[in-house]
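Spelled out from the first residue to the last, the chains are:
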Amino acid sequence: MAAGSSMVKVCDHPLIRQALGELRRKETVPLEFRARVGELARYLSYEAARDLSVASVEIETPLMKTTAERVDEEKMILAPILRAGLAMIDGAMATFPHAQVRHIGIFRDEKTLQPVEYYCKVPAVLDPETLVLVLDPMLATGGSAIAAIDLFKKRGITRFKFICLIAAPEGIANVQSLHPEVPIYTANVDQKLNERGYIVPGLGDAGDRCFGTH
Ligand code: PRP
Ligand code: URA
């Protein structure tokens, strides 16, 4: 597995650790919670961009011609998993302003913990060159992440990155058993899942905390 694998990128910059702490606090209200999710999505997207290729371009400064670098215009899709993934869109788009956003609705059944897909605004066929960044704050059992990646693989996608804020070791292992080529970017790998499938210490239910429901 898993947390020690090179496919798991734990981004532990001090500002990331600070924002994550604010998210975890039970007193953090939805407006602040969503702002922090967005902030972390921006930082983690930035990390996820680290291995993108750059091309040399000729430019002119006020003084002379020189060579600059520009990130190759990748075909990219940001795929937030509703609901909590919604709060990650603006932060990720700040990093990737030319990306498309393709929403997918998946919730997990509270009893079985199995993912249930209820919305999919994604064409049946996609350009296989496209890089898909799946966005969801929580990787718990991994069921939702696996369902989202499956959905895009059925449409021809082969290139993925999964960006979350907190991951459980169990979820990482499950994603890696089915989709070992997908790198996982996260701010932290927490201890474990509790008996109800929640990440501990975690932050509770991310969708509820984003939108003030419970
Ligand atoms: C949360 C979270 C993930 C999922 C993770 O969504 O945002 O999508 O749980 O759990 P898993 O790894 O075990 O699948 P939830 O199902 O609570 O839906 P919501 O965002 O609509 O509240
Ligand atoms: N989904 C959440 O929102 N939180 C958890 O801890 C687990 C799944």
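Residues numbered from 1 in each chain as written. Chains lettered and ligands numbered in written order. Predicted model: local features only at pLDDT ≥ 70, side-chain atom pairs only at ≥ 80, totals over all residues. Heavy atoms only, no water.

Novice: Mind laying out helix α2 (residues 30-48), listing which residues take part and the relevant values?
Specialist: Relative to the 27 Å expected for 19 residues at 1.5 Å per residue, α2 spans 26 Å between its end C-alpha atoms, a close match to the ideal helical length. Every buried residue of α2 is accounted for by Phe 33, Arg 36, Val 37, Gly 38, Leu 40, Ala 41, Leu 44, Ser 45 and Ala 48. Where α2 is buried, its residues contact α1 (14-24), α3 (89-95), β10 (159-163), β12 (184-186) and α6 (206-211). (Helix = DSSP H or I, 4+ residues; strand = E, 2+ residues; numbered from the N terminus. Expected span 1.5 Å × (residues − 1). Buried < 20%, exposed > 50% of the residue type's maximum accessible area, 1.4 Å probe, protein only. Contact = heavy atoms within 4.5 Å.)

Novice: Can you tell me about the site of ligand 1, naming the residues and giving the values?
Specialist: For ligand 1, the set of nearby residues contains 15 residues, the closest of which are Arg 83, Arg 108, Asp 136, Thr 141 and Ser 144. Backbone polar atom of Ala 140 to an oxygen atom of ligand 1: 2.9 Å apart, as the coordinates give it. Counting residues per element, the ones that place at least two in the shell around ligand 1 are β6 (104-108), β9 (138-139) and α4 (143-154). Partitioning the shell around ligand 1 into residue classes produces six nonpolar, five polar and four charged. (Near = heavy atom within 4 Å. Polar contact = N/O pair within 3.5 Å; in protein donor to acceptor, adjacent residues only side chain to side chain. Nonpolar A, V, L, I, M, F, W, Y, C, P; charged D, E, K, R; others polar.)

Novice: Which residues make up the site of ligand 2, and what are the values?
Specialist: Looking at ligand 2, the residues that line it are Arg 108, Met 138, Ala 140, Gly 197, Tyr 198, Ile 199, Gly 204, Asp 205 and Ala 206. In the environment of ligand 2, an oxygen atom lies 2.8 Å from a nitrogen or oxygen atom belonging to the backbone of Ile 199. In the environment of ligand 2, a nitrogen atom lies 2.8 Å from a nitrogen or oxygen atom belonging to the backbone of Gly 204. Relative to its unbound accessible area of 240 Å², ligand 2 is 89% covered by the protein chains. (Areas by Shrake-Rupley, 256 points an atom, 1.4 Å probe, with all protein chains shown as cover.)

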